[in-house]
Structures are given as structure tokens and as C-alpha cells.
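# Structural overview for review
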Amino acid sequence: MEIKEPSKEEIDAKYNEILRQAKRGGYFLNPDTEFAKDLVKGLIINGERYGFEACPCRLVMGEKELNLDIVCPCYYRDDDVSEYGACYCGLYVDEETSKGEKPVTAIPERRDLKSRGKTAGASGMPTAAGSLQYPVYRCNVCGYLCARNSPPEKCPVCGADQKRFDLFMR
Ligand code: SF4
């Protein structure tokens, strides 16, 4: 299935909706709006691709039921924001980070992928190679994953250079 690229208007509308919800709930978004909108774009694409807005920094494994923990905002957001100042993707941050008083640092993955792999069976494996709209790149320094045509110039989480990214899945 071909997934169309969301328009700027769609991304802005979704971003504003997330921002409103965040403010209502006492949450803060990454002050780098361009970066945050890139993640929002990933959410929209995942919504089209899977039928649910899966985390744009993680790989979807099988059916929705196996991925409820990573429907944004994921189960891990609050713990990561309070412990590391940002969620795994860096979309949600704590107040200090939102004011630019603290940088976003590398955030370890809390998701238990090993046990998921064991219990999920064939349908629980990561999305089959070749079915992704964009290749997935992985930052070798902090493990950040992103689905896009080429790796970012700098890792948005740990700041590592583009050279530190490897192709993770195509
Ligand atoms: S890590 Fe952040 S962007 Fe990803 S699902 Fe969790 S809250 Fe959403």
C-alpha cells in the first residue's frame, strides 16, 4: 500500500492538536518545533500505515494488540520524561528542557523487545523488510531509530554525527 506524504497543513494541524492536549495535561513538547513536527509527520504516516499512531522511533511488531504500549503517547513516556527529561523520541520533554535550559540526552529503550519476540511468534516480528516506506536508520551511539530517506545530519537525541548512523532495516 502506498502511503502519501502528509501535507504541511496536516502536520501543523496534528502538531497543534498534540500541543493542545499536552498543555491540558501539563506536558511540554520539544522546543525544536521543526524536529517535533518531523516526529508528528512520522505519527501521521504510521497512522496511515498501521491504522494506529505508533511511536515514530520504534518498529511496529505485528498486530495492534502487540503494540498498544507504543501507541503515542506510549506507556513509557511519563517515566522517561521524569527520569531523563524527554520521551524516547524526544517529542515530549520536561519543563526545563522545553525552556531550552537542558539538552535532550540519550534515552535507553524501556520496551522489552526480547520477551515480545518470544511471545509474539511470526506475527510479532518487526515489519517485514521491503514493506517499509522509508529505510530505518539507527544511531550507533544512543540507539535512536528513524525512518527516513537518509540519516539525519545529527542525531536529535544524542547529537551524534550522521556518520554514526547505520542502516537498520530497509
Ligand atoms: S517515545 Fe514519545 S513520540 Fe514515541 S510514542 Fe512515546 S511519547 Fe510518543
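Everything that follows concerns the structure shown earlier in this document.
Just so it is clear, the model here is predicted, and its values are computed rather than measured.

### Focus on the state of the cysteines
For the structure on display, the rule yields one disulfide. The disulfide partner of Cys 57 is Cys 89, and the gap between their sulfur atoms is 2.1 Å. A residue pair is termed long-range when its members are at least 10 positions apart, and Cys 57 in the loop between α2 (33-50) and α3 (77-84) and Cys 89 in the loop between α3 and β2 (92-93) qualify at 32 residues. For Cys 89, a relative accessible area of 5% corresponds to the buried category.

### Some details on the packing of aromatic side chains
Tallied over the entire structure, the rule returns three aromatic pairs. With 6.1 Å between their ring centres and 75 degrees between their planes, Tyr 27 and Tyr 92 make a pair best called edge-to-face. Here Tyr 92 lies in strand β2 and Tyr 27 lies in the loop between α1 (8-25) and β1 (28-29), a separation of 65 residues in the sequence. The exposure class of Tyr 92 is buried, given its relative accessible area of 6%. Where Tyr 50 meets Phe 52, the ring centres are 5.9 Å apart and the plane angle is 35 degrees; that geometry is what we call tilted. With a relative accessible area of 7%, Phe 52 lands in the buried category. Here the guanidinium or amino end of Lys 37 rests over the ring plane of Tyr 15, the centre of that ring lying 5.2 Å away. Of note, Arg 77 hangs over the ring of Tyr 27, and the distance from its end group to the ring centre comes to 3.6 Å.

Calculation notes
Residues numbered from 1 in each chain as written. Predicted model: local features only at pLDDT ≥ 70, side-chain atom pairs only at ≥ 80, totals over all residues. Heavy atoms only, no water. Disulfide = S-S within 2.5 Å. Helix = DSSP H or I, 4+ residues; strand = E, 2+ residues; numbered from the N terminus. Buried < 20%, exposed > 50% of the residue type's maximum accessible area, 1.4 Å probe, protein only. Phe/Tyr/Trp six-rings, centres within 6.5 Å; stacked < 30°, edge-to-face > 60°. Lys NZ or Arg CZ within 6 Å of the ring centre and 35° of its normal.

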